[in-house]
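Descriptive structure summary
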Amino acid sequence: MSDLINVKVTVNGMAYEREVEPRMLLVDFIRHELGLTGTHVGCEHGVCGTCTILFDGSPVRSCLLFAVQAVGHEIRTIEGLGTIDHLHPVQEAFREAHGAQCGFCTPGMIMSVLPFLEENQDPTEQEIREAIDGNLCRCTGYQHIIQAVELASDKLAEQRQSVKEGR
Amino acid sequence: MKPASFEYYAPTNVDEALARLAELGYGVKVLAGGQSLVPSMNFRLAQPPALLDLNNVQELFYIRPTSDGGVAIGTMTRDSQVEHDALIKEKFPIIAAAMHFMAHPQIRNRGTFGGAIAHADPTAQLPAVVLALNGRMRIRSQQGERWVAAEEFFVGPFTSVLEPEELLVEVELPPTPAHSGWSYRQMERQAGAQALVGVAVMVSLDEAGKCRSARIAFLSVGETAVLARQAAQMLTGQKPTAELIHAAAETAANVDIEPGGDIHCSVEYRRHLAEVLARQALTEAFERAGR
Ligand SMILES: Cc1cc2nc3c(=O)[nH]c(=O)nc-3n(C[C@H](O)[C@H](O)[C@H](O)COP(=O)(O)OP(=O)(O)OC[C@H]3O[C@@H](n4cnc5c(N)ncnc54)[C@H](O)[C@@H]3O)c2cc1C
Ligand code: FES
Ligand code: FES
């Protein structure tokens, strides 16, 4: 075993500090050390996308980072979005449009589309397909996910509009 | 699976990194974006005793114009940074076009431009693109610095001229001549999957509309990215007519490359794809050059 390294990170706005081995993957750190099990692990080699998190705002694979590399960085996981009572508009859209069946791929899907929808306020279907081409789903056949992302885009537009009108 | 134990070093400047490489040699592996290295560690195909993480070496993250009108890219610049950079888009639109086929957005957010070159994957887009653009690599060690042209850099599958104590620090792309055209084409089985065959083409025309230069670089057809030299020779100095482009693409696919076959693609199919893609890419590149 190599020496433990002190890891200080901010996850969903909360500061955490742990001592871990360098070989600990960031996804295992998030799940096992921090107990945030919303981020899933599928393939552990970058292919499935279910471990996608926001790292300083950009979606990346948390199975391809070591926890020690997160020192000083901002992480956002699915737990950082809405609550059960107040879902985030993107979560709400996935619920309404049946964008989730078993839900295994859902956290990764949502964390991938979140920054995408901020940058593309009125995406085409083709753009949505490309935004999620790195996220596998074994249940839905993707149609409902695409519809969920379209709905999420509408919901976010509504939200922006009501903020603008000061409601 | 989980990676085996390793010592972790995270230098904050190049000199420190080079000192560590000199000290540990084969006992350490450079960690760039980790999008190839970490999967192979998770599979335990790679079990490096130590990792040298370059992610805190700020001086290796940059895109800047060079004095001759080209562009220099620091090795750690993220793929997505390069893909969306205004200067790169203006000078080398072929890069963003090829990156569109490279992995997925989440991988490109972390993967690095230099990492893709150093990795020397024969099925990767960027080595072929840098070869077509006639780029050169700046390599440093404690002994000093050397420059290696793309044509000499790639030695075999996942093998480059880099020695264990050396670091790739920069990829430099020379300016493209006037009346240049480009094209990137590939065929893959699904988005983000390995290219069955890909081709990066750069051409330029002279005042008379004849081909001044042509660089046709294939991926996924051999042990490294491959330049189709005979096809380029057929085109140089000639008017790029449809017949000539057909003939050059045929030569590229049947003479210049020695592709292998696998379960996804037989040798014959690979040659067929190479010919069709080269023909399409040459046609498009010459059309762009003539505009
Ligand atoms: C799901 C998935 C799909 C992918 N699809 C594609 C694809 O379609 N096309 C494609 O081209 N790639 C693809 N990749 C690979 C990805 O683009 C590579 O990870 C990338 O090209 C390598 O860059 P990196 O920065 O991640 O390097 P790393 O993984 O960090 O390093 C790769 C190798 O290069 C060495 N190295 C890196 N930087 C240096 C340096 N500066 N000096 C010396 N040695 C160095 C490392 O020691 C290591 O051996 C895919 C990856 C995944 C996970
Ligand atoms: S678990 Fe990370 S991409 Fe599959
Ligand atoms: S909902 Fe089951 S994997 Fe996508």
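Residues numbered from 1 in each chain as written. Chains lettered and ligands numbered in written order. Predicted model: local features only at pLDDT ≥ 70, side-chain atom pairs only at ≥ 80, totals over all residues. Heavy atoms only, no water.

What about the layout of surface pockets?
Taken as a whole, the second largest pocket encloses approximately 1,300 Å³ of empty space. Taken together, 48 residues make up the lining of the second largest pocket; nearest its centre are B:Ser80, B:His84, B:Pro105, B:Gln106 and B:Asn109. Broken down by element, the residue count for the lining of the second largest pocket peaks at five residues, all from helix H4 (residues 125-131) of chain A. For the lining of the second largest pocket, a count of residues per class yields 16 nonpolar, 18 polar and 14 charged. (1 Å grid on protein atoms, 1.4 Å probe; cavity = no way out; pocket = protein on both sides within 12 Å on 5 of 7 lines; lining within 4 Å. Points joined across faces, edges and corners; volume = space filled by probe spheres on them. Helix = DSSP H or I, 4+ residues; strand = E, 2+ residues; numbered from the N terminus. Nonpolar A, V, L, I, M, F, W, Y, C, P; charged D, E, K, R; others polar.)

Here's the deal with the site of ligand 1
Residues and elements named next belong to chain B. Neighbouring ligand 1 are 31 residues, the closest being Val-30, Gly-34, Gln-35, Leu-37 and Thr-112. Between ligand 1 and Ala-116 there is a distance of 3.5 Å, counted from an oxygen atom to a backbone nitrogen or oxygen. A total of 960 Å² of accessible area belongs to ligand 1 in isolation, and the protein chains cover 90% of it. Counting residues per element, the ones that place at least two in the shell around ligand 1 are strand S2 (29-31), helix H7 (113-119) and strand S10 (167-173). For the shell around ligand 1, the leading source of residues is H7, giving four residues. (Near = heavy atom within 4 Å. Polar contact = N/O pair within 3.5 Å; in protein donor to acceptor, adjacent residues only side chain to side chain. Areas by Shrake-Rupley, 256 points an atom, 1.4 Å probe, with all protein chains shown as cover.)

Structural notes on the domain arrangement of chain A
Often, the extent of an interface is quoted as the loss of accessible area upon association of its parts. Residues and elements named next belong to chain A. For chain A, the assigned domains read domain 1 (5-80) and domain 2 (89-162). Here the C-alpha centre of domain 2 lies 22 Å away from the C-alpha centre of domain 1. Taken residue by residue, the interface counts 17 residues in domain 1 and 14 residues in domain 2. Carbon and sulfur atoms make up 64% of the surface buried where domain 1 meets domain 2, a total of about 1,200 Å² over both sides. Joining domain 1 to domain 2, the criterion identifies zero salt bridges. Put simply, domain 1 and domain 2 have five residue pairs in polar contact (both at pLDDT 80 or more) between them. Every element with two or more residues in the side of domain 1 that touches domain 2 is listed here: strand S3 (52-55) and strand S4 (58-61). The residue inventory of the side of domain 1 that touches domain 2, partitioned by class, reads seven nonpolar, eight polar and two charged. (Domains from an automatic or database assignment. Contact = heavy atoms within 4.5 Å. Buried area = accessible area lost by both parts, 1.4 Å probe. Salt bridge = Lys/Arg side-chain N within 4 Å of Asp/Glu carboxyl O.)

Remarks on the confidence of the model for chain B
Should pLDDT be low for a region, the predicted coordinates there are not to be read in detail. Taken as a whole, chain B shows an average pLDDT of 97; of its residues, 100% reach a score of 70 or greater. The ipTM assigned to the predicted complex is 0.95, against a pTM of 0.96. (pLDDT = per-residue confidence, 0-100.)

Focus on the environment of B:Ala97
All names here are of chain B. Here Ala-97 is to be found in helix H5 (residues 93-99). Separated by 93 residues in the primary sequence, Ala-97 and Ala-4 have C-alpha atoms spaced 37 Å apart. Ignoring any residue separated from it by four or fewer positions in sequence, one finds Ala-97 in contact with Trp-182 and Tyr-184.

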